[in-house]
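Structural overview for review
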Amino acid sequence: MGCDDLNEFKEQIENGALARVGLLDATTIGAATALLKRVADSDLETVRVLFADQHGILRGKTIVADALPSIFTSGLAAPSTLLLKDTSHRTVFPIWSANSGINRNSEGNMAGAGDILMLPDPATFRILPWSPHSAWIFCDPRFKSGAVMPFSPRDMLKSAITKLAARNLDLMVGLEVEFHVFERTDQMLEHANATMPSQPAQTRNLTPGYQFLTEDRYAQAEPILDTLRRSCQAMNMHVRSMEIEMGPSQFEFTFDPADPLTHADNMMMFRAMVKEVCAARGLHATFMCRPNLENTAASGWHLHQSLVDRKTGRNMMIPNADGTISDEASGWIAGLLAYASESCLLTTPTINGYKRYRPHQLAPDRIQWGRDNRGAMIRGLMAAGDPASRIENRVAETAANPYYFFTSQILSGLDGLTSSLSAPDPVENPYETDAPYLPDSLLRAIQLFDRSKFYRSALGDAFVDYLTTIRQAEWNRYHLTVSEWEQAEYFGLY
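Let me begin by describing the structure that accompanies this report. (Residues numbered from 1 in each chain as written. Predicted model: local features only at pLDDT ≥ 70, side-chain atom pairs only at ≥ 80, totals over all residues. Heavy atoms only, no water.)

**Looking at the overall build of the protein**
Looking only at helices and strands, the protein has 14 helices and 15 strands in total. For 494 residues, the compact-globule estimate of 2.2 N^0.38 gives 23 Å, and the C-alpha radius of gyration of the protein, at 23 Å, lies within 12% of that figure. When the backbone C-alpha atoms are referred to their principal axes, the protein occupies close to 70 × 65 × 55 Å. Across the 494 residues that make up the protein, the buried fraction comes to 53%. A separation threshold of at least 6 residues defines the contact pool for the protein, and within that pool the share at least 24 residues apart is 70%. (Helix = DSSP H or I, 4+ residues; strand = E, 2+ residues; numbered from the N terminus. Rg over C-alpha atoms; globule rule 2.2 N^0.38 Å. Buried < 20%, exposed > 50% of the residue type's maximum accessible area, 1.4 Å probe, protein only. Contact = heavy atoms within 4.5 Å.)

**What to know about the pattern of salt bridges**
Scanning the entire structure with this criterion turns up 23 salt bridges. Aspartate 140 is paired through a salt bridge with lysine 158; the nearest N and O atoms lie 2.7 Å apart. Here lysine 158 lies in helix H5 (residues 153-165) and aspartate 140 lies in strand E6 (residues 131-142), a separation of 18 residues in the sequence. Ionic pairing is found between arginine 204 and glutamate 183, a salt bridge with its closest N-O pair at 2.9 Å. In this pair, arginine 204 sits in strand E8 (residues 202-205) while glutamate 183 sits in strand E7 (residues 169-186), placing the two residues 21 residues apart along the sequence. Given a relative accessible area of 27%, glutamate 183 falls into the partly exposed group. Here the residues in one salt-bridge network are Asp121, Asp140, Arg142, Arg154, Asp155, Lys158 and Asp265, joined through shared partners. (Salt bridge = Lys/Arg side-chain N within 4 Å of Asp/Glu carboxyl O.)

**Some remarks on the packing of helix H9 (residues 340-347) against helix H11 (residues 442-450)**
Geometry of a packed helix pair, given as the angle between the helix axes and the separation of the axes. Contact geometry for H9 and H11: axes closest at 8 Å, N-to-C directions at 115°. Our classification of the angle between H9 and H11 gives roughly perpendicular. When you trace H9 past H11, the crossing you get is left-handed. Contacts between H9 and H11 involve Ser341, Glu342, Cys344, Leu345 and Leu346 from the former and Leu442, Ala445, Ile446, Leu448 and Phe449 from the latter. Considered class by class, the residues forming the contact of H9 with H11 number eight nonpolar, one polar and one charged. (Axes fitted to C-alpha atoms, helices over the stretch in contact; angles between N-to-C directions. Parallel < 35°, antiparallel > 145°, perpendicular 65-115°, else oblique. Left-handed = near helix turned anticlockwise from the far one by under 90°. Nonpolar A, V, L, I, M, F, W, Y, C, P; charged D, E, K, R; others polar.)

**Describing the packing of aromatic side chains**
Under the definition given, this model contains 24 aromatic pairs. A connected cluster of aromatic rings, assembled from ring pairs, spans Phe93, Phe151, Tyr339, Tyr404, Phe449, Phe454, Tyr455, Phe463 and Tyr466. (Phe/Tyr/Trp six-rings, centres within 6.5 Å; stacked < 30°, edge-to-face > 60°.)

**Describing helix H6 (residues 215-234)**
Approximately 65° is the largest bend angle found in H6, and it occurs at glutamate 222, with the proline proline 223 only one to four residues beyond. Considered for burial, the residues of H6 that qualify are Arg217, Tyr218, Ala221, Ile224, Leu225, Asp226, Thr227, Leu228, Arg229, Ser231 and Cys232. Just beyond H6, the residue with positive phi is asparagine 236, at close to 65°. (Bend = angle between axes of the 7 residues up to and from the residue.)

**Some words on the side chain of glutamate 397**
Within the secondary structure, glutamate 397 is located in the loop between strand E15 (390-396) and helix H10 (402-418). Within the local environment of glutamate 397, its side chain forms a polar contact with the backbone nitrogen of threonine 350, the two atoms lying 2.9 Å apart. Setting aside chain neighbours within four positions, we find glutamate 397 in contact with Cys289, Trp301, Thr347, Thr348, Pro349, Thr350 and Gly353. (Polar contact = N/O pair within 3.5 Å; in protein donor to acceptor, adjacent residues only side chain to side chain.)

**Re the nonpolar core**
Counting 133 residues, the largest nonpolar core has Phe270, Met273, Phe463 and Tyr466 as its most contacted members. Counting residues per element, this core draws most heavily on helix H7 (residues 260-279), at 11 residues. When residues no more than four places from it in sequence are discounted, the contact partners of methionine 273 are Trp130, Trp136, Leu228, Ser231, Cys232, Met235 and Met237. (Core = buried A, V, L, I, M, F, W, Y, C linked by side-chain atoms within 4.5 Å.)

Given below as structure tokens:
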């Protein structure tokens, strides 16, 4: 394929509907043109056109490779109900009613199960190492008009990054992600198991556990860990380490620092890749926080954060020469602490995630920070002269939507800076303080987020109402389900 073909792709995109209404800038058009040529010259057969939904789950359609130009000219349509579901995949808004509960405006109407527009980002294109005839490309879900939705995850994060940039600051983040990989003993595919949600797979351990960072346990799990590492590297995800975690069949991958949008995309790719690669090998991978399995351990998501001056490149988290915390680090930490409870619906969005907040379990249960203290919510890793100075927020569960999670960190930290807040003194004994506790349930997190003046101002009423409606639907299903505890407690007693 020569220059004529390249020019033909470019002209095709420039004359397409997306470019005509200003949804593709010159940089994106150039990247899309180069991508189309690359695909045309390859043996690629299919492209999975995807977007991250409100739960951080990838959804979309698969097209043949020859159809790829069409998504850069016209986008791709998908049912709006994909953005209106809870974690059981039930649509929780009354879309056929006059009062659907979804904000109606001139830009778009999601009632009636109409279409949304999937707007592709060529920078996210990845050929899949475990399925090399196929590739991923991520999109931003938009109203059919192309207007930004108030709850589009990638657009929300991009807006927060822009607000931070207006203060001449960038955020760099590093990921530590814990998860489980089990051997699958029963896929639970009988007709009776096809419930909503479907019945969970039956599993057993790959490793016995409770031998944290033990070499022979790594050797035992090395075949699957090598496969996952190589997939990360092939997809340009800069993995740094692969570790044996505390629990049975529990592992951790860490990644080099990157900007928030890159790492939010990486987290989406990593979770999906791990689950797909493991499933193809008869394994079951899960990022559920605390699986209901004997002797299991909870998984957390530790987010390292440093502020960088956009002009000088200076790490603003480096302490002063006398070792005292910098004003920027103090304000950022104070903001994260001030809005930690209200942010939990974004950092810990599942019912299960709140069962991790327990003392003496290397997990936080209170809102506080400490210097290199793994029991505190925020762990300060800052030393005078250390260019890697940063903080580590240990509050999130690995099931969190990364775009919403990172947005919460930027908006909270930024408010701490603009409001000139100061961090309290660091704690030494995090489980023996009078600091306020983190929410103890999803219901409490819903209530705090719903009442949050901060988030209603920062993200808008439409988003707050939208997310609380979805999470409340999940809580109601959970709350109204008769549990094993109730059966054991009352069935014989009364």
